[in-house]
Amino acid sequence: MSVLPLVFTSGWASGINAYAVVLLLGLFGAAGLTDEVPESLQRTDVLVAAGVLFLCEAVADKIPYVDSAWDSVHTVIRPAAGAVVAALLAGESGSLPELATGAVGGTTALMSHLVKAGTRMAVNTSPEPFSNIAVSTAEDLGVAGIVTFAIFHPVPAAITAATLLVLGLVILVFLASRIRRFLRRRAQRREEKRVAAGLRGPPPR
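These figures come from a predicted structure and were not determined experimentally.

Draft legend 1. Layout of the environment of Pro156. Along the chain, the position of Pro156 falls in helix H6 (residues 154-174). For the pair formed by Pro156 and Pro5, sequence separation is 151 residues and the distance between their alpha carbons is 8.5 Å.

Given below as structure tokens:
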């Protein structure tokens, strides 16, 4: 039970940026700042891979519509990463507590991912790109701050993460109309591309 607050917080953060969570936890463990991080997350190859993927996400996440496509791809990746990180934090014995913590991490990551993806759809209805950059930067800083906070103060960090998750779900309800507008616009673009491809016809032989 002592690791559960860290599991919940890392799950919430994984739903927003799983690569940042793996990178930060691995670095904190390698630096000897905590004993909670397993050695598998401190391996050099894991840290390098997480760092490269974090940089890729940092770029893709700030480009309108590209961020939503990236979120779609990560609908499975982020919850899975949250579950794996949670299970590793709890231990690798395969007993019920480890399975339960994995479920907590994965479920929390899925919920925060849905909040992130829905919010980005609403932001993408704005004609300018600066809101995407601002929201993405705030998310990156929030993940870094909450994971760092969780290493030293896991219970207050978990309470903060839970509060942010609830607030995110409430905001998502208010943004529902913008999300529907985004989905209609994306469907319209796909239809326009399909029609344009049909008008061009098959390539000459």
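Draft legend 2. Focus on the confidence of the model for the protein. Mean pLDDT over the protein stands at 86; residues scoring 70 or higher make up 89%. Averaged pLDDT values for the elements of the protein fall to 71 in helix H7 (residues 176-200) and rise to 95 in helix H2 (residues 44-60).

Draft legend 3. Structural context of the environment of Pro154. Inspection of the secondary structure puts Pro154 in helix H6. Note on Pro154: relative accessible area 26%, which makes it partly exposed. Expressed as a C-alpha distance, the spacing of Pro154 and Val7, which sit 147 residues apart in the sequence, is 9.0 Å. Contact partners of Pro154, with chain neighbours within four places excluded, come to Pro5, Leu6, Thr9 and Phe149.

Draft legend 4. Here's a closer look at a nonpolar patch on the surface. A cluster of nonpolar side chains, contributed by Val166, Val170, Val173 and Phe174, occupies part of the molecular surface with about 430 Å² of accessible area. Among the structural elements, Val173 can be located in helix H6. A residue is classified by how much of its surface remains accessible, and Val173, at 60% relative accessible area, is exposed.

Draft legend 5. Molecular detail of the nonpolar core. Residues Trp12, Ala13, Val21, Leu25, Leu89, Val143 and Val147 are the most contacted members of the largest nonpolar core, which totals 35 residues. Secondary-structure elements contributing two or more residues to this core are helix H1 (4-30), H2, helix H3 (66-90), helix H4 (96-123), helix H5 (130-152), H6 and H7. Per-element tally for this core: the top contributor is H1, with 12 residues.

Draft legend 6. Highlighting H5. With 23 residues, H5 should reach 33 Å at 1.5 Å per residue; the first-to-last C-alpha distance of 34 Å fits that figure. Among all positions in H5, only Ser131, Asn132, Ser136, Glu139, Asp140, Val143, Ile146, Val147, Ala150 and Ile151 are buried.

Draft legend 7. Up close: the environment of Glu57. Within the secondary structure, Glu57 is located in helix H2. For Glu57, a relative accessible area of 1% gives the class buried. A sequence separation of 14 residues divides Glu57 from Asp71, and the C-alpha atoms of the two residues are 9.7 Å apart. Excluding anything up to four places from it in sequence, Glu57 contacts Ile16, Asn17, Tyr19, Trp70, His74 and Arg78. Of the polar contacts made by the side chain of Glu57, one reaches the side chain of Trp70; its length is 2.9 Å.

Draft legend 8. Region of interest: the side chain of Thr34. Relative to the elements of secondary structure, Thr34 occurs in the loop between H1 and H2. For Thr34, a relative accessible area of 10% gives the class buried. Polar contacts involving the side chain of Thr34 include one to the main-chain amide nitrogen of Glu36, which spans 3.1 Å. In contact with Thr34, other than residues within four places in its own chain, are Phe28, Gly29 and Ile151.

Criteria and thresholds
- Residues numbered from 1 in each chain as written.
- Predicted model: local features only at pLDDT ≥ 70, side-chain atom pairs only at ≥ 80, totals over all residues.
- Heavy atoms only, no water.
- Helix = DSSP H or I, 4+ residues; strand = E, 2+ residues; numbered from the N terminus.
- pLDDT = per-residue confidence, 0-100.
- Buried < 20%, exposed > 50% of the residue type's maximum accessible area, 1.4 Å probe, protein only.
- Contact = heavy atoms within 4.5 Å.
- Patch = residues over 30% accessible without salt bridge, like charges linked within 9 Å, V, L, I, M, F, W, Y side chains within 5 Å.
- Areas by Shrake-Rupley, 256 points an atom, 1.4 Å probe, with all protein chains shown as cover.
- Salt bridge = Lys/Arg side-chain N within 4 Å of Asp/Glu carboxyl O.
- Core = buried A, V, L, I, M, F, W, Y, C linked by side-chain atoms within 4.5 Å.
- Expected span 1.5 Å × (residues − 1).
- Polar contact = N/O pair within 3.5 Å; in protein donor to acceptor, adjacent residues only side chain to side chain.

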